[in-house]
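# What the coordinates show
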Amino acid sequence: KNDNVCLGDSATIYVNGGKTYSWSTGSTDSIIKVIPSSSFQWTMIGTDGNGCIDTLSYRMNVKPAFSVSYDNTIKGCEGDVKRLTASGAKEYDWGQGPTTDAFSDVTLINSTSYQVTATSPHDCQIVFSIPVTVYKKPVGKVSDLTICQGETGDLEAKGGVKYKWNVEDK
């Protein structure tokens, strides 16, 4: 038999029909779980209750690893629209299903991480998170002021670190 697995993934191989089993990996179980680091061929020798022997070879092809690049320094104020981008895969799932778009525009609400599933040209998948830092908008307050014509008074603003005043005559 010949199967494929992505690098880093596990595979379960099972056989039946024998009384005892001996794998080239050293296992004697009818089921083995492997995490291969390269393509490999296993051999299993099965013996039935009558002492008859059967040999089975099993080839596992390991698809190459891949990585995805993305910006992990995205910051903005709540309400801003930011573009999340990635590269290194043939498809991305930004949460609405697979697409070839290597970007997704998001409206910032809270600091969070956006989980993305990337698919390689060999149909292997990895899941990664893009962290986003969201700064809350300041809550500005201006004091009330009532004065008579010709008098002066002070208005006080709070909630920010810089202020821009626009005074209109009414």
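These notes cover the structure that comes with them.

Now for the packing of aromatic side chains. A complete count under the given rule lists 2 aromatic pairs for this structure. Ring plane angle 20° and centroid distance 4.9 Å describe the contact between tyrosine 70 and phenylalanine 128, whose orientation is recorded as stacked. One end of the pair, tyrosine 70, is in strand S7 (residues 69-70); the other, phenylalanine 128, is in strand S14 (residues 125-135), and 58 residues separate them in sequence. Against the face of phenylalanine 103 rests arginine 83, its NZ or CZ located 4.0 Å from the ring centre.

Another aspect to go through is the state of the cysteines. What the rule picks out here adds up to 1 disulfide. Residue pairing for cysteine 6: its cysteine sulfur links by disulfide to cysteine 124, the two sulfurs lying 2.0 Å apart. On the sign convention where negative is left-handed, the bridge of cysteine 6 and cysteine 124, at about -95° about the S-S bond, is left-handed. Of this pair, cysteine 6 sits in strand S1 (residues 2-6) while cysteine 124 sits in the loop between strand S13 (112-119) and S14, and the two are 118 residues apart along the sequence. By relative accessible area, which is 12% here, cysteine 6 ends up buried.

The next thing to look at is the side chain of threonine 119. With respect to the helices and strands, the residue threonine 119 is situated in strand S13. Separated by 3.1 Å, the side chains of threonine 119 and glutamine 125 make a polar contact. Apart from residues no more than four positions distant in its own chain, threonine 119 is found in contact with Phe66, Ala89, Lys90, Glu91, Cys124 and Gln125.

With respect to topology, 5 strands assemble into an open sheet ordered S8-S14-S13-S10-S11, the strand pairing being mixed. Lying at the two open borders of the sheet, with one neighbouring strand each, are strand S8 (74-77) and strand S11 (98-99). Bridge count for S13 against S14 is 8 bridges, and the pairing is antiparallel. Bridge pairing links valine 116 to phenylalanine 128 in S14.

Before going further, it helps to examine a nonpolar patch on the surface. Judged by side-chain polarity, Val142, Leu145, Ile147, Leu155, Tyr163, Trp165 and Val167 come together as a nonpolar surface patch covering roughly 700 Å² of accessible area. Tracing the chain through its elements places valine 142 in strand S15 (residues 141-142).

Now for the pairing of S8. Every second residue of S8 is oriented toward a common face, the buried set being Ile74 and Gly76 and the non-buried set Lys75 and Cys77. As defined by bridge partners, S8 adjoins S14 across 4 bridges and the pair is classed as parallel. By the bridge assignment, glycine 76 is partnered in S14 with valine 134.

Moving on to the side chain of serine 27. Position of serine 27 among the secondary structure elements: in the loop between strand S3 (20-23) and strand S4 (31-34). Engagement of the side chain of serine 27 in a polar contact is seen with the backbone nitrogen of aspartate 29, the distance being 3.2 Å. With residues up to four places along the chain from it excluded, the contact list for serine 27 reads Tyr21, Ser22 and Ile32.

How each quantity is defined
- Residues numbered from 1 in each chain as written.
- Predicted model: local features only at pLDDT ≥ 70, side-chain atom pairs only at ≥ 80, totals over all residues.
- Heavy atoms only, no water.
- Phe/Tyr/Trp six-rings, centres within 6.5 Å; stacked < 30°, edge-to-face > 60°.
- Helix = DSSP H or I, 4+ residues; strand = E, 2+ residues; numbered from the N terminus.
- Lys NZ or Arg CZ within 6 Å of the ring centre and 35° of its normal.
- Disulfide = S-S within 2.5 Å.
- Buried < 20%, exposed > 50% of the residue type's maximum accessible area, 1.4 Å probe, protein only.
- Polar contact = N/O pair within 3.5 Å; in protein donor to acceptor, adjacent residues only side chain to side chain.
- Contact = heavy atoms within 4.5 Å.
- Pairing = 2+ DSSP bridges.
- Patch = residues over 30% accessible without salt bridge, like charges linked within 9 Å, V, L, I, M, F, W, Y side chains within 5 Å.
- Areas by Shrake-Rupley, 256 points an atom, 1.4 Å probe, with all protein chains shown as cover.
- Salt bridge = Lys/Arg side-chain N within 4 Å of Asp/Glu carboxyl O.

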